[in-house]
Structures are given as C-alpha cells and as structure tokens.
Amino acid sequence: MSNVEFSLTKLNKPTDWNNLPGMAKKHVPIIEAPAQVKANEPFNVKIKVGGIDGIEHPNTLSHWINWVALYAEDRLIAKIEFGAELTNQYVVNVHVTLPETATLRAQEFCNLHGVWEGKPQKVTVA
Ligand SMILES: [Fe+2]
C-alpha cells in the first residue's frame, strides 16, 4: 500500500494502528470477543465493519460491503453477505464454540476497495 491507499488484489491489512488512514478506518472489521472461554461452550463474537473515529462505510447500490468472514486461525467459521442499501452499518454477531485456543480473524470485501482484515483477537480456551 505505498502511495495508494488500498489494493484490489492483495489483502489490505493495516500495520500501524496508531496512524490509520481514512480508508482503513471505514473498512477494517473490528472483532469483539471474550479473551477467555470454556471449551465447546458457545460465546458471542461481534464484528463491525469500519466506523473507527465515526468514519462509517457507505451502503449504496454502487458502493457497499459485500461480505464479512470470520476465521479461527485458517478455518472459516462464518461468512455473511450483505445486500446493498438495506443495512444501516455493518454489524454481525456469530455464536462460536472453540475446542481449543485460537486466534480469530475477520475479513470483509468492499466492491470498490477490495478485501480488508483487522486486528486478530486471541481467544484462550481454559
Ligand atoms: Fe469501500
């Protein structure tokens, strides 16, 4: 991401979270999950796309978030598709069960700005 703010073909993943460009603030998915859970007991993972510092991603027929995907390590847990214009903000909740400690990752795809990944969240199974 040298002098352009995003790539259409590569994963867009911020490296400096203290100095996020505006494009990242409205595109990265943010994961909210407990730090510690019990094995195989369901817990909620909330994912919200963008909205950092109040910078929300648009949702119009020509520019919207097509999908959000949640992974445990490299394994897909859930993938949610959005229809253009018919949501206000991009928030999903997924009930997850883990048999062992895993790092959760979330990605989203914007039809104009490619695939973005936010901060990983480690969930420890105790
Ligand atoms: Fe976008």
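Residues numbered from 1 in each chain as written. Predicted model: local features only at pLDDT ≥ 70, side-chain atom pairs only at ≥ 80, totals over all residues. Heavy atoms only, no water.

### Brief notes about the coordination of the iron ion
Right, on to step 1. Taken together, His-27 (NE2), His-57 (NE2), His-63 (NE2), Cys-110 (SG) and His-113 (ND1) make up the protein donors of the iron ion, found 2.2 to 2.3 Å from the metal.
Right, on to step 2. Donor residues for the iron ion, ordered by position in the chain, follow H-x29-H-x5-H-x46-C-x2-H. Of this pair, His-27 sits in helix H1 (residues 22-27) while His-57 is found in the loop between strand S3 (43-49) and strand S4 (65-72), placing the two residues 30 residues apart along the sequence.
Right, on to step 3. For His-27, a relative accessible area of 0% translates into the label buried. (Donors = N, O, S within 2.8 Å, 3.2 Å for Na, K, Ca; no water. Helix = DSSP H or I, 4+ residues; strand = E, 2+ residues; numbered from the N terminus. Buried < 20%, exposed > 50% of the residue type's maximum accessible area, 1.4 Å probe, protein only.)

### Considerations on the sheet that holds strand S6 (residues 91-96)
Right, on to step 1. In spatial order, the strands read S1-S3-S6; together these three strands make up an open sheet with antiparallel pairing. The open sheet terminates on both sides in strands that have one partner only, identified here as strand S1 (29-32) and S6. Strand-to-strand twist in this sheet, taken as the mean axis angle between neighbours without regard to direction, amounts to 20°.
Right, on to step 2. With six bridges joining them, S3 and S6 adopt antiparallel strand pairing. Looking at the pairing, Lys-48 lines up with Val-91 of S6. (Pairing = 2+ DSSP bridges. Axes fitted to C-alpha atoms, helices over the stretch in contact; angles between N-to-C directions.)

### Some words on the packing of aromatic side chains
Right, on to step 1. All told, the structure shown has two aromatic pairs when counted by the stated rule.
Right, on to step 2. Look at Trp-67 and Phe-109: their rings are 6.0 Å apart centre to centre, the planes differ by 25°, and that puts the pair in the stacked class. Placement of Trp-67 in strand S4 and of Phe-109 in strand S7 (residues 102-110) is noted, with a sequence separation of 42 residues between them.
Right, on to step 3. Residue classification places Trp-67 among the buried positions, given a relative accessible area of 18%.
Right, on to step 4. A ring pair is formed by Phe-82 and Tyr-90, whose centres lie 5.1 Å apart and whose planes are at 75°; its orientation type is edge-to-face.
Right, on to step 5. The class for Tyr-90 is buried, based on a relative accessible area of 1%.
Right, on to step 6. Between the NZ or CZ atom of Lys-79 and the centre of the ring of Trp-67, over which it lies, the distance is 4.4 Å.
Right, on to step 7. Directly above the ring of Tyr-71 sits Arg-105, whose terminal nitrogen or CZ lies 4.8 Å from the centroid. (Phe/Tyr/Trp six-rings, centres within 6.5 Å; stacked < 30°, edge-to-face > 60°. Lys NZ or Arg CZ within 6 Å of the ring centre and 35° of its normal.)

### Quick notes on the pattern of salt bridges
Right, on to step 1. Under the counting rule described, the total for this entry stands at five salt bridges.
Right, on to step 2. In this structure, the salt-bridge partner of Lys-13 is Glu-117, at a minimum N-O distance of 3.3 Å. Of the two residues, Lys-13 is situated in the segment before H1 and Glu-117 in strand S8 (residues 114-117); the sequence distance between them amounts to 104 residues.
Right, on to step 3. Its relative accessible area of 39% is what places Lys-13 among the partly exposed residues.
Right, on to step 4. Arg-105 serves as the salt-bridge partner of Glu-117, at 3.0 Å between the closest nitrogen and oxygen. (Salt bridge = Lys/Arg side-chain N within 4 Å of Asp/Glu carboxyl O.)

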